[in-house]
Amino acid sequence: MKVEVLEDADSVARAAAATIAADARAAIAARGRFALAVSGGHAPWIMLRCSLTRDPLGGCACIQTDERVAPDGHPDRNLTHLRESLLQHAPLRPEQIHAMPVEAADLQAAATQYTLALREIAGSPPVLDLVHLGLGPDGHTASLVLDVYLMSPIKT
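Residues numbered from 1 in each chain as written. Predicted model: local features only at pLDDT ≥ 70, side-chain atom pairs only at ≥ 80, totals over all residues. Heavy atoms only, no water.

1. Observations concerning the environment of proline 71
Argument step 1. Structurally, proline 71 can be placed in the loop between β2 (60-64) and α3 (78-87).
Argument step 2. Residue class for proline 71 comes out exposed when judged on its relative accessible area of 52%.
Argument step 3. Between the alpha carbons of proline 71 and alanine 104 there is a distance of 9.8 Å; along the sequence they are 33 residues apart.
Argument step 4. Discounting residues that sit within four places of it in the chain, proline 71 has contacts with Arg77 and Glu103. (Helix = DSSP H or I, 4+ residues; strand = E, 2+ residues; numbered from the N terminus. Buried < 20%, exposed > 50% of the residue type's maximum accessible area, 1.4 Å probe, protein only. Contact = heavy atoms within 4.5 Å.)

Dropping the structure here:
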């Protein structure tokens, strides 16, 4: 593993954006798609906007890895920030963002529906090209990394 220390957050975002854009181009060339899974939080949006605006990514599927149960457009929803960041600043279409159906009355059925949708996008077992999990100052997503890694063969 290569560890690189950069000057500031903008430098980190630009370097990560270049890596993501290169990985996206390679995946689209090889398989016709780039499956990108993203968590919530505010830190990744600059990086994702930069990486996804480098090239038109017709084969990009953006998948949510976590969400809050709240109405559409609510400021606490990760989807609200995802739409604001990527749909307004990157050449993605709304159908390229695969939202968790947290507005459904039956959340168990909605989770099953989302699982089936993910199988269509990423296959079974799922193959995701890039998983970006934010790590808050309290380490709240640190446990997810291990769970995701153990549950499915994900390329990181």
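2. Description of the confidence of the model for the protein
Argument step 1. Looking at the protein, pLDDT values average 76 and 75% of them are 70 or higher.
Argument step 2. Confidence scores differ between elements of the protein, with helix α5 (residues 142-151) showing the lowest mean pLDDT of 41 and strand β3 (residues 97-98) the highest of 88. (pLDDT = per-residue confidence, 0-100.)

3. Re the sheet that holds strand β4 (residues 130-132)
Argument step 1. Strands sit in the order β3-β2-β1-β4 across an open sheet of four strands; the sheet is parallel. Taken across any chain shown, the strands that pair with only one partner, and hence form the sheet edges, are β3 and β4.
Argument step 2. Sheet analysis places β2 next to β3, joined by two bridges and oriented parallel. Across the sheet, residue isoleucine 63 finds its bridge partner in β3, namely histidine 98.
Argument step 3. The sheet contacts of helix α1 (residues 9-31) involve β1 (34-38), β2 and β4, and relative to β1 the element is tilted by about 140°. (Pairing = 2+ DSSP bridges. Axes fitted to C-alpha atoms, helices over the stretch in contact; angles between N-to-C directions.)

4. Description of the environment of serine 39
Argument step 1. Along the chain, the position of serine 39 falls in the loop between β1 and α2 (44-52).
Argument step 2. Between the C-alpha atom of serine 39 and that of glutamine 64, which follows or precedes it by 25 residues, the distance is 6.0 Å.

5. Structural notes on the side chain of aspartate 129
Argument step 1. With respect to the element layout, aspartate 129 can be found in the loop between α4 (107-122) and β4.
Argument step 2. A distance of 2.7 Å separates a polar side-chain atom of aspartate 129 from the backbone nitrogen of alanine 35. (Polar contact = N/O pair within 3.5 Å; in protein donor to acceptor, adjacent residues only side chain to side chain.)

6. What about the pattern of salt bridges?
Argument step 1. Applying the stated criterion across every chain yields a total of seven salt bridges.
Argument step 2. In this structure, glutamate 4 and lysine 2 form a salt bridge, with 3.9 Å as the shortest nitrogen-oxygen distance. Residue glutamate 4 shares its accessibility class with lysine 2, and that shared class is exposed.
Argument step 3. Glutamate 103 is the partner of arginine 77 in a salt bridge, and the nearest nitrogen-oxygen pair spans 2.9 Å. Of this pair, arginine 77 sits in the loop between β2 and α3 while glutamate 103 sits in the loop between β3 and α4, placing them 26 residues apart in sequence.
Argument step 4. Given a relative accessible area of 1%, arginine 77 falls into the buried group.
Argument step 5. For glutamate 103, a relative accessible area of 48% translates into the label partly exposed. (Salt bridge = Lys/Arg side-chain N within 4 Å of Asp/Glu carboxyl O.)

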